[in-house]
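The primary structure of each chain is shown beneath.
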Amino acid sequence: MATSCAADRQSQRDTVWAAHFTSAADRIEARARSVGMARLHDVRAEQAELRGWMETVSKEMALGGAEAQGPGHYALACGERALGRETEALAQLDAAWNAGFRDPRVAWVRAQILSERYRVLRMEAIAAPDGDERKAREEDAESRYREPVLTLLRQAAGAEFPSTDYGAALVAMHEERLDAALELLEAVGRKHPWFVEARLMRADVLLLRAAWHWRQQRRKETGEDMTAAFQAFTDARATAESFAPAHLAMGRYQAAGMKLVRTHFDGTVFMLSSEDDDKPGPAQTGLAAMDAATQVDPGDAGFACEKARFLTMLAERPNSYGALLSLRSRAVEAAQHTLALDPTSACGRMERTRVMVQETEKVLQESPVDFYKLQEALSLLDAVPPSGRDLAYHLLRARLLHLWTEADLQAGSWRAGSKGWQHQEQAIEAYRSVVALEERVPAYWVRLGELLLARASNPTAKDVDEDLEQAGVAVSNALKGGSTKAPEVWLLWAHHDVAHALRKRAQGETAPWRFEQAAQNIRNALINDTHNPTLHHELGLVLLEHARELWEHGGDPTALIDQAEAAQVQAAKRAPSQYLGKVGQAAVHAARAEYAWWRGADPTEEAERADAFYSQARPFFRTQKNQQFVGRMKVSHLLAHQLLEQGQDPEPVLKRPWEGLDIMGRIGQDPVLRHRATGAMSGLRARHSARTDPEKAEKEFLSAEKSYEEALQVEPLNREIRLEEGHLFREWAVVRKAAKQDPEPLLVKGLTLADVLLKERPNWPEALLLRAAILRTKDPASPQAREDRDAALKANANLAPGWRRQFPEDGPKAP
C-alpha cells in the first residue's frame, strides 16, 4: 500500500512538472511567434527576454530534481529553437528523451528540426554546380534524414501542430509524394494563414518539384512551380517580417533557382538587373532577403555569413565585369563583418578565402599573381579548427592550392623540391582529403588525377610510375561515378593513356593502342560537347603524338598528321582569338617540316607556315610563351640546317625566336629552355663559321658546350639534351679533324653520352645512330658503327635519309 501511494505521488509530481514546463514551452513558442509576425525590426531585445525565461526554467529544473529534468529540457529545447540554435535544441531534446520524457511533443519538435535541415540540404543540392555533386547531396539528404524523420513523425502522433494535415504533409514530402504534400499544405494554409512554417515548406516542395520537372525537360511546368514557390516565399516573408528563417529561405531559393535555370549559354546565372529594369532580378531579391535577415538580428554571425556566401556564389559566374567588382567588394565586407561578430567563424574565414581565390583566378588570366594574397588565404583556412573542416572546407582548400600550383607554373617552370612542387604536392593531398570524404563525384577524381599526371610529367619527377598508377585509380573512380561521363572524365582518361604511352616510349617500348584509345576517348567527349575548342585542340595533340610514335617505328605519319590538322582547324574555328588554335596548327606544320627534313625533302615551306602560326599566337602565360618559343626555335633550327646544307648563312632564321622576346621575357624564361636553345644556336653557328673561320667556330662550339652543360645542371637526366650534346661533340670533332687537330677528347665525350643513353633506353634508334656516327668518325671501317647503324635503321627506316646526309659514302640503300 505504501509503495502504491508513493508511486501515485511520484506520478503526480511528474505530471505537475510536465504540465508546468510544457506550459513554459508553449509560452516561449507563442512569444517567439508574435515577435516574428511583427513588422521588420531588430529582435535582440525580445531574444534577451526569451533567454531570461530560459534561465528561469533552468533554475526551476534545479529545484525540481529528477522529475523536472525531462520536461525542463524540452522547454529549453523550444527556447533554443526559437533563438535559431538548432544544434543546441537537438541536444536539449536528446536530454529530455534520455531523462524519460517521451512525450510525442519531443518527437514532433525533433522531426521538424531534422525536416528543416533536410530541406536546406535539398536546396543546396539544387544549387550545386555539378550534376553528380547534386545527385550525391540529394542521396545524403535522403539517407541522413528520410527514415529518422518518418520514425519521429510516427512517434509524434497526436502532437502535430497546428493540425494533423501538417504532419501528413511532412510524411508525404519525405516519401517523395510531392503532389500530395502540396495539397495538404494548401489546406493548412487556408485554415491557419498565420502558420508561416507551412508556407515555407510549401515553397520548398514547389522548388523540389520544379527541379524534377527541369530534369525531365518540362520547361513550362518548371516555370509554373518556380513562380508559385517565389510567391509562397514572398507571402511567408510578408506574414512574418521579423522571422529570419523566412528571409534566409528566400535567399536560398534564389540561389537554387539561379543555378537550376541558367539564362545564358556561357553558364552565367541571373545577375543584378540593369538600371533600366522595371523589376529587380533574382540576385537583388536574394540579397534583399539576406539583408532583411541581418536586420532581424544584426549580431548573428551565421546570418552575416549566409549573405557573404550568397555574394560569393554570384561572383562565381558574373555577367559583367562591373557586377564582378561590386559583388566581390560586398562579399569581402560581409565576410569581414562575420569575422568581426565571431572571430572563430569557419564560414567567415572560408568566404573571405573564397573571394581571394576568385580574385586570383581572374588575375591569373590578366596579370601577375599576388602570392602574398594566396598565403593569406591559406593562413585563414589553416586557422579553421578540425571540427569545422567539412567537405566544403576541403574543396575550397584544394581549389586554393590547385590555383597556387597553376600560378607557380605560369610564373615559370619548376622542379622537384621547389615551392611550386611543394604546392602541387599540397594540392594533391588536399584532393585526396576531398575524395576520402566524397568519392561519388567524378569531378573531384578528375582534379586529383590531372594533378598526379602533371607531377608525373615533370622531367625531375622521381616516382613517375607510382603517380601514373594512382592517376589510374582516379580514372577508374571517375568512370564509376555519374550516369553520363562528363567531357573532363573522357579527357582525364585520354591524358592517362597518353602519359602511359610516353612512359613506354621513354623506356624504349611502344604502346600505340594507348594513343588510339586516347583519341577515341576525346571523340567520345566531343559527342556531347562538339563546340569545345579545347577538346579539338587536345585531340590534335594526341594525334600528333601518335604520328610521332608511328614515325619512330618506321611508319608513315601523314594520315595522322592530316587528322591532327583537321582537329586544330576546328579548335581555331571555334575559338579564333584563343592561343591554342594558332599554336595547334603551328605544331602540325612544324611536324610536317621535321619529317620532310628527315626524308631528305625541303622543309622550308612547312617550317615557314609553322613560324607564321606561332607568330600569330598571342600567349599570355609564361608557360605559353615558352611553348611558343620552343616551337619557333624548332622550326628555325630546321630552316638553319637546310640553309647550312645549301652553303648559306643561317643567322637570320636563328634570330627569329629571340626577336619575339622582350627583356622581361628573356629574364623570366625557363633556364633549361634558354640554355638548350642557346646551345643549339651556337652549334649551328659553329658549323657555318667552320667553313671560313675555324677560330670563331671553336669559340661557338665552346659556347654551345657550356650552354648544354648549364641546362644539364638543372635537368641532368634530360635525354634529348644529352643526345643533342652528343651530336655537338661529333660535329665539333669533325671540324677539329679537318683542321688537323686532335678530335679524340670530343669523340670520347660523345661516345660516353651515347653509351649512357643506350644503357638507359636500350635500342633507341637515335642514340644508336649517334654512337654509330661517332664510331664512324673515329674509324670509317668500325664494325660496331655498322652494327649500330643497321639496328637503328631496322627499328626506324625513316632515319635512313638523315644518315645518308651525314655519310653519303657509307649510307645504305634507301629502304
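Figured I'd write up the structure that's included with this text. (Residues numbered from 1 in each chain as written. Predicted model: local features only at pLDDT ≥ 70, side-chain atom pairs only at ≥ 80, totals over all residues. Heavy atoms only, no water.)

## Comments concerning the overall build of the protein
A count of helices and strands for the protein gives 36 helices and zero strands. Its C-alpha atoms give the protein a radius of gyration of 36 Å, clearly above 28 Å, the size a compact globule of 815 residues would have. Out of the 815 residues belonging to the protein, those deemed buried represent 51%. Restricting to contacts in the protein with at least 6 residues of sequence separation, those with at least 24 account for 64%. (Helix = DSSP H or I, 4+ residues; strand = E, 2+ residues; numbered from the N terminus. Rg over C-alpha atoms; globule rule 2.2 N^0.38 Å. Buried < 20%, exposed > 50% of the residue type's maximum accessible area, 1.4 Å probe, protein only. Contact = heavy atoms within 4.5 Å.)

## Here's the deal with the packing of helix 7 (residues 164-174) against helix 9 (residues 196-215)
It is the contact of helix 7 with helix 9, at a shortest axis distance of 12 Å, that shows an interaxial angle of 20°. With respect to helix 9, the axis of helix 7 lies roughly parallel. At the point where helix 7 passes helix 9, the crossing takes the left-handed sense. Residues Tyr 166, Ala 169, Leu 170 and Met 173 of helix 7 form the contact with helix 9, whose own contacting residues are Glu 197, Ala 198, Met 201 and Val 205. Considered class by class, the residues forming the contact of helix 7 with helix 9 number seven nonpolar, no polar and one charged. (Axes fitted to C-alpha atoms, helices over the stretch in contact; angles between N-to-C directions. Parallel < 35°, antiparallel > 145°, perpendicular 65-115°, else oblique. Left-handed = near helix turned anticlockwise from the far one by under 90°. Nonpolar A, V, L, I, M, F, W, Y, C, P; charged D, E, K, R; others polar.)

## Describing the packing of aromatic side chains
Enumeration over the complete set of coordinates arrives at 16 aromatic pairs. Considering the side-chain rings of Tyr 166 and Phe 195, the 4.9 Å spacing of their centres and the 85° angle between planes classify their relative orientation as edge-to-face. Of this pair, Tyr 166 sits in helix 7 while Phe 195 sits in the loop between helix 8 (178-191) and helix 9, and the two are 29 residues apart along the sequence. As far as the burial class goes, Tyr 166 and Phe 195 line up, both buried. Plain terms: the ring middles of Trp 551 and Tyr 595 are 5.3 Å apart, the flat faces sit at 25° to each other, and that makes the pair stacked. Here the residue Trp 551 occupies a position in helix 23 (residues 533-552), and Tyr 595 occupies one in helix 25 (residues 579-598), the gap between them amounting to 44 residues. Exposure remark for Trp 551: the relative accessible area of 3% places this residue in the buried category. Through pairs of rings, three or more aromatic residues link up here, namely Trp 108, Phe 161, Tyr 166, Trp 194 and Phe 195. The aromatic ring of Trp 53 is capped on one face by Arg 27, whose charged end is 5.4 Å from the ring centroid. In this structure, Arg 805 packs its charged tip against the face of Trp 597, placed 4.0 Å from the ring centre. (Phe/Tyr/Trp six-rings, centres within 6.5 Å; stacked < 30°, edge-to-face > 60°. Lys NZ or Arg CZ within 6 Å of the ring centre and 35° of its normal.)

## Things to note about the nonpolar core
Counting 91 residues, the largest nonpolar core has Ile 522, Leu 539, Leu 544, Ile 561, Tyr 614 and Phe 629 as the members making the most contacts within it. It is helix 25 that provides the largest number of residues to this core, a total of 10 residues. Residues within four places of Leu 544 in sequence aside, it is in contact with Ile 561, Ala 564, Ala 587, Val 588 and Ala 591. (Core = buried A, V, L, I, M, F, W, Y, C linked by side-chain atoms within 4.5 Å.)

## Notes on helix 33 (residues 744-760)
Over its 17 residues, helix 33 runs 24 Å from end to end, which matches the ideal 24 Å to within 8%, given 1.5 Å per residue. The set of residues buried in helix 33 consists of Leu 746, Leu 747, Gly 750, Leu 751, Leu 753, Ala 754, Leu 757 and Leu 758. Buried residues in helix 33, looked at end-on, bunch into an arc of 160°, giving them a common side. Its buried side turned inward, helix 33 meets helix 32 (719-738) and helix 34 (765-778). (Expected span 1.5 Å × (residues − 1). Arc of directions from axis to C-beta.)

## Structural notes on the pattern of salt bridges
Scanning all chains against the criterion turns up 65 salt bridges. Between Arg 146 and Glu 147 there is a salt bridge, and its shortest N-O distance comes to 3.6 Å. Under the relative-accessibility criterion, Arg 146 is labelled partly exposed at 26%. Take Glu 147: its relative accessible area is 43%, and that puts it in the partly exposed class. (Salt bridge = Lys/Arg side-chain N within 4 Å of Asp/Glu carboxyl O.)

## Concerning unusual backbone geometry
Here the bond from Phe 161 into Pro 162 is cis, since omega is 5°, no more than 30 degrees from zero. Tracing the backbone shows Pro 162 in the loop between helix 6 (131-155) and helix 7. At Lys 740, a position not held by glycine, the phi torsion is positive, near 65°. Mapped onto the fold, Lys 740 is located in the loop between helix 32 and helix 33. Look at Lys 740 and you get exposed, because its relative accessible area is 77%.

## Some points on the environment of Ser 345
Looking at the element boundaries, Ser 345 is found in the loop between helix 14 (321-341) and helix 15 (346-364). The buried category is assigned to Ser 345, whose relative accessible area is 9%. In sequence terms Ser 345 and Ala 301 are 44 residues apart; their C-alpha atoms lie 7.6 Å from each other. Here Cys 347 takes part through its backbone nitrogen, which lies 3.4 Å from a polar atom of the side chain of Ser 345. (Polar contact = N/O pair within 3.5 Å; in protein donor to acceptor, adjacent residues only side chain to side chain.)

## Re the environment of Leu 381
One can find Leu 381 in helix 16 (residues 371-382). The exposure class assigned to Leu 381 is buried, which follows from its relative accessible area of 0%. Spatially, the C-alpha atom of Leu 381 lies 9.4 Å from that of His 394, the residues being 13 residues apart in sequence. Excluding its chain neighbours within four sequence positions, the residues that come into contact with Leu 381 are Met 350, Thr 353, Arg 389, Tyr 393, Leu 396, Arg 397 and Leu 400.

## With respect to the packing of helix 34 against helix 35 (residues 783-795)
With their axes 8 Å apart at the nearest point, helix 34 and helix 35 run at an angle of 155° to one another. On the basis of the axis angle, helix 34 is roughly antiparallel to helix 35. Classified by chirality, the crossing of helix 35 by helix 34 is left-handed. Between helix 34 and helix 35, the contacting residues are Pro 765, Leu 768, Leu 769, Arg 771, Ala 772, Leu 775 and Arg 776 on the first element and Gln 784, Ala 785, Asp 788, Arg 789, Ala 791, Ala 792, Leu 793 and Ala 795 on the second. Partitioning the contact of helix 34 with helix 35 into residue classes produces 10 nonpolar, one polar and four charged.

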